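An overview of the molecular structure
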Amino acid sequence: MSVALDVIDAGPEHAEAVVDIIHRSFGARPTLDPPSTALDETAESIAEVLAGPGGLLVERRGQPMGTLLFDESRPGLLGLRRVSVDPDLQARGVASAMVGVAEDTAEERGKDGIWLRVRDELPDTVQFWSRRRYHPLRRDGAFIEFGKTLWLAREVPTPEAMHELAGKTAELVRAGDLLVLTGDLGAGKTTFTQGLGDALQVRGPVTSPTFVLARTHPSLVDGPALVHVDAYRLGSAEEVDDLDLDASADESVTVVEWGAGVAEQLNDSWLSVTIEVRGARPIDPLGTALDDDAVPDGDDHDPRVVTIKPNGPRWAGVPLRSTLLS
């Protein structure tokens, strides 16, 4: 029977165990040029970090297995340092467990994302972080800096609040960006797009393009146009390609309703916006949600939960959470 891993917040009292894992982990790596400074760490230097930004320690049945240190030197971001697993205890999910808790810690501390540096000469380590959707941002000598922006979910109680959330999202987007919207009929995808269009100051009105598939709204202020696509009746990525959206994608913000699974191939980066209804809204015989005016008196607008997930290198380092949760 497997025994669960314990991932604990490491304090100065754990310094001896932490430095031992760091030395064992980095000491087992191939010789690099320049050599790592991890072997210079002492219990005293580690205790100082653990008393400040802190770190994590993974144990199983009381046996230390892995560790990492936090770095809060960059505003809005949580850095990871000395990510280490005991070389005799590899392939047991230790690193993945630490990364998951580190991301939770970043969220709890109000951070927008995470960064770390990885040696270019360690392809297995590069692959580990890439598989967890960390993206290379820049090179610094022998190091590649990776970054990841955290996703968020928030309750949106009214159409006005949905409009406001979309307006804040507009502060982050730029020409060339792709937003993929998912949600049931009447969930608020078009309301979100209207709020985005208003904030971008494009020519309206922004309405559902169901019967024309795609509609372009030029900017009124020399900004990016808004391309609004409805993929409800499109059955494949090939049919999305047939719309020839690439011709204007670089100069526009493209929003694709019902786009999950078919629109992501339009860009190497995109925002996934999922809108879920808490409760049920009446549906008319044509399958469209009734307007609020058609809801019987006394029935409130059901709140929505909007989940926004960044995908791809474009969104690494973007202050998504601090902007949208403010």
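Basis of the calculations
- Chains are numbered independently. Their residues run from 1 in the order of the written sequence.
- This being a predicted model, a pLDDT of at least 70 is required before a residue's local features are given, and a value of 80 or more before pairs of side-chain atoms are given or counted; all residues contribute to the totals for chains, interfaces and linings.
- Heavy atoms throughout the structure, all of them, feed into the side-chain values; hydrogens and water do not.
- Definition of nonpolar core: a set of buried residues of the types Ala, Val, Leu, Ile, Met, Phe, Trp, Tyr and Cys, connected through side-chain atoms within 4.5 Å.
- Only protein chains enter the accessibility calculation, which uses a 1.4 Å probe. A residue is then buried if its area is under 20% of the maximum for its type, exposed if over 50%, and partly exposed in between.
- Segments assigned H or I by DSSP are reported as helices when at least four residues long, segments assigned E as strands when at least two residues long, and all are numbered from the N terminus.
- The predictor attaches a confidence to each residue, and that confidence, scored 0 to 100, is pLDDT.
- By definition in these notes, contact holds between two residues if any of their heavy atoms fall within 4.5 Å.
- The salt bridge criterion pairs a side-chain nitrogen of Lys or Arg with a carboxyl oxygen of Asp or Glu, the two atoms within 4 Å.
- Definition of a polar contact: a pair of N or O atoms within 3.5 Å, with one able to donate and the other able to accept a hydrogen when the atoms are protein atoms, and with sequence-neighbouring residues admitted only if both atoms are side-chain atoms.
- Fitted lines through C-alpha atoms serve as axes, helices being fitted only where they are in contact, and the angles separating the N-to-C directions of these axes extend from 0 to 180 degrees.
- These descriptions rest on fixed angle ranges, namely under 35 degrees for roughly parallel, over 145 for roughly antiparallel, 65 to 115 for roughly perpendicular, and the rest for oblique.
- Crossing chirality is assigned from the near helix's rotation relative to the far helix, an anticlockwise turn below a right angle marking it left-handed and a clockwise turn marking it right-handed.
- Three residue categories are used. Nonpolar comprises Ala, Val, Leu, Ile, Met, Phe, Trp, Tyr, Cys and Pro, charged comprises Asp, Glu, Lys and Arg, and polar comprises the others, including Gly.
- Multiplying 1.5 Å by the residue count of a helix minus one yields the expected span of that helix.
- This arc corresponds to the set of directions leading from the helix axis out to the C-beta atoms.

This next bit is on the nonpolar core. Residues Leu179, Phe192, Leu196, Val273 and Val306 are the most contacted members of the largest nonpolar core, which totals 29 residues. At the level of secondary structure, the elements contributing two or more residues to this core comprise strand 8 (152–156), helix 5 (159–170), strand 9 (178–183), helix 6 (189–200), strand 12 (252–257), strand 13 (270–277), strand 14 (304–311) and helix 9 (320–324). Core analysis: the next-biggest nonpolar cluster, separate from the first, contains 26 residues, Leu80, Leu116, Phe128 and Leu150 among them.

Mean pLDDT for the protein chain: 87, with 86% of residues reaching 70 or above. Taken together, the stretch residues 282–300 has pLDDT below 50 and engages in 16 contacts with residues farther than four places along the chain or on a different chain.

Going through the model one piece at a time under the given rule, you end up with 15 salt bridges. For Lys111, the salt bridge is made with Glu72, and the minimal N-O distance between the two is 3.1 Å. Of this pair, Lys111 sits in the loop between helix 3 (94–108) and strand 5 (113–119) while Glu72 sits in the loop between strand 3 (63–71) and strand 4 (77–85), and the two are 39 residues apart along the sequence. Judged by relative accessible area, Glu72 falls into the partly exposed class, the value being 35%. With its nearest N and O atoms 3.8 Å apart, the salt bridge here joins Glu107 to Arg321. With Glu107 in helix 3 and Arg321 in helix 9, the pair connects residues that are 214 residues apart, well separated along the chain. Take Glu107: its relative accessible area is 41%, and that puts it in the partly exposed class. The buried category is assigned to Arg321, whose relative accessible area is 11%. Three or more residues joined by partner-sharing salt bridges are found here, namely Arg24, Asp86 and Asp88.

What follows concerns the side chain of Thr67. Relative to the assigned elements, Thr67 resides in strand 3. Looking at Thr67, its side chain comes within polar contact range of the main-chain oxygen of Leu56, at 2.7 Å.

This part is about the packing of helix 1 (residues 15–27) against helix 2 (residues 43–51). Running from N to C, helix 1 and helix 2 cross one another at 115°; their axes reach a closest spacing of 9 Å. Put simply, helix 1 runs roughly perpendicular to helix 2. Viewed along their axes, helix 1 and helix 2 form a crossing whose handedness is right-handed. Two secondary-structure elements touch here, helix 1 through Ala15, Glu16, Val18, Val19 and Ile22 and helix 2 through Ala43, Ile46, Ala47 and Leu50. Considering only residue class, the contact of helix 1 with helix 2 consists of eight nonpolar, no polar and one charged.

This brings us to helix 1. Relative to the 18 Å expected for 13 residues at 1.5 Å per residue, helix 1 spans 18 Å between its end C-alpha atoms, a close match to the ideal helical length. Inspection of helix 1 places Ala15, Val18, Val19, Ile21, Ile22, Ser25 and Phe26 among the buried residues, and these make up the whole buried set. Around the axis of helix 1, the buried residues are gathered within 160° of arc, so they sit on the same side. Each element contacted by the buried residues of helix 1 is listed here: strand 1 (6–10), helix 2, strand 2 (55–60), strand 3 and strand 4.

Turning our eyes to something else, we now look at the environment of Val118. Note on placement: Val118 falls in strand 5. For Val118, a relative accessible area of 3% translates into the label buried. Along the backbone, Val118 and Phe143 are 25 residues apart, and their C-alpha atoms lie at a distance of 5.4 Å. Those residues in contact with Val118 that lie beyond four places of it in its chain are Thr125, Val126, Trp129, Ala142, Phe143, Ile144 and Phe146.

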